[in-house]
Amino acid sequence: MDVEDLAQLLHETAEHHGSFEAVAPPHDWWDWYAAYMRARENGSPPDDASAAAGRYMAEVKHVVVSSA
């Protein structure tokens, strides 16, 4: 991945992380970013990558977003 593509992916990741960050308890943003970016690099569309990052945060990092 060249620098321009990486920058674009980081920008996209930041945009999608915003909705998670707004409702999640305190967490390290880089964990969510890494899970999202890995999913995108493996071909997942943005919404699926967001879901994968959310699952990673819940299952591995124990950062759970309440549905209340």
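Residues numbered from 1 in each chain as written. Predicted model: local features only at pLDDT ≥ 70, side-chain atom pairs only at ≥ 80, totals over all residues. Heavy atoms only, no water.

Visitor: Would you take a moment to explain the overall build of the protein chain for this structure?
Guide: Counting its secondary structure elements, the protein chain contains 3 helices and 0 strands. Ordered by position from the N terminus, the helices and strands of the protein chain form the series α-α-α. Compactness check: the protein chain gives a C-alpha radius of gyration of 12 Å against a globular reference of 11 Å for 68 residues, within 12% of the reference. For the protein chain, the spread of C-alpha atoms along the principal axes amounts to about 40 × 20 × 15 Å. In the protein chain, which comprises 68 residues, the share counted as buried stands at 28%. The long-range fraction of contacts in the protein chain, counting pairs at least 24 apart against all pairs at least 6 apart in sequence, stands at 51%. Accessible surface, the protein chain: about 4600 Å² in total, of which carbon and sulfur atoms supply 53%. (Helix = DSSP H or I, 4+ residues; strand = E, 2+ residues; numbered from the N terminus. Rg over C-alpha atoms; globule rule 2.2 N^0.38 Å. Buried < 20%, exposed > 50% of the residue type's maximum accessible area, 1.4 Å probe, protein only. Contact = heavy atoms within 4.5 Å. Areas by Shrake-Rupley, 256 points an atom, 1.4 Å probe, with all protein chains shown as cover.)

Visitor: It is not clear to me how the packing of helix α1 (residues 3-23) against helix α2 (residues 29-41) should be interpreted in this structure. Could you clarify?
Guide: When two helices pack together, their arrangement is captured by the angle between the axes and the distance separating the axes. At their nearest, the axes of α1 and α2 sit 10 Å apart, and the two run at 120 degrees to each other. As summarised for this structure, α1 and α2 are arranged oblique, according to the angle between their axes. Along this stretch, α1 crosses α2, giving a crossing that reads as right-handed. Counting all contacts with α1, which are made through Leu6, Leu9, Leu10, Glu12, Thr13, Ala14, His16, His17 and Phe20, the residues of α2 involved are Trp29, Trp32, Tyr33, Tyr36, Met37, Arg40 and Glu41. (Axes fitted to C-alpha atoms, helices over the stretch in contact; angles between N-to-C directions. Parallel < 35°, antiparallel > 145°, perpendicular 65-115°, else oblique. Left-handed = near helix turned anticlockwise from the far one by under 90°.)

Visitor: Would you mind going over the side chain of Glu12 with me for this structure?
Guide: On the secondary structure map, Glu12 appears in helix α1. Judged by relative accessible area, Glu12 falls into the buried class, the value being 17%. Beyond its immediate sequence surroundings of up to four residues, Glu12 is in contact with Tyr36, Arg40 and Pro46.

Visitor: When you look at helix α3 (residues 46-59) in this model, what are you seeing that I'm missing?
Guide: Note that an α-helix has 3.6 residues per turn; residues three or four places apart therefore point the same way. For α3, spanning 14 residues, the distance from its first C-alpha to its last is 20 Å, which sits close to the expected 20 Å at 1.5 Å a residue. Of the positions making up α3, those classed as buried are Ala49, Ser50, Ala53 and Met57. Viewed end-on, α3 has its buried residues packed into an arc of 105 degrees, placing them on one side of the element. The exposed set on the far side of α3, more than 90 degrees from its buried face, consists of Asp47 and Glu59. Those residues of α3 that are buried lie in contact with α1 and α2. (Expected span 1.5 Å × (residues − 1). Arc of directions from axis to C-beta.)

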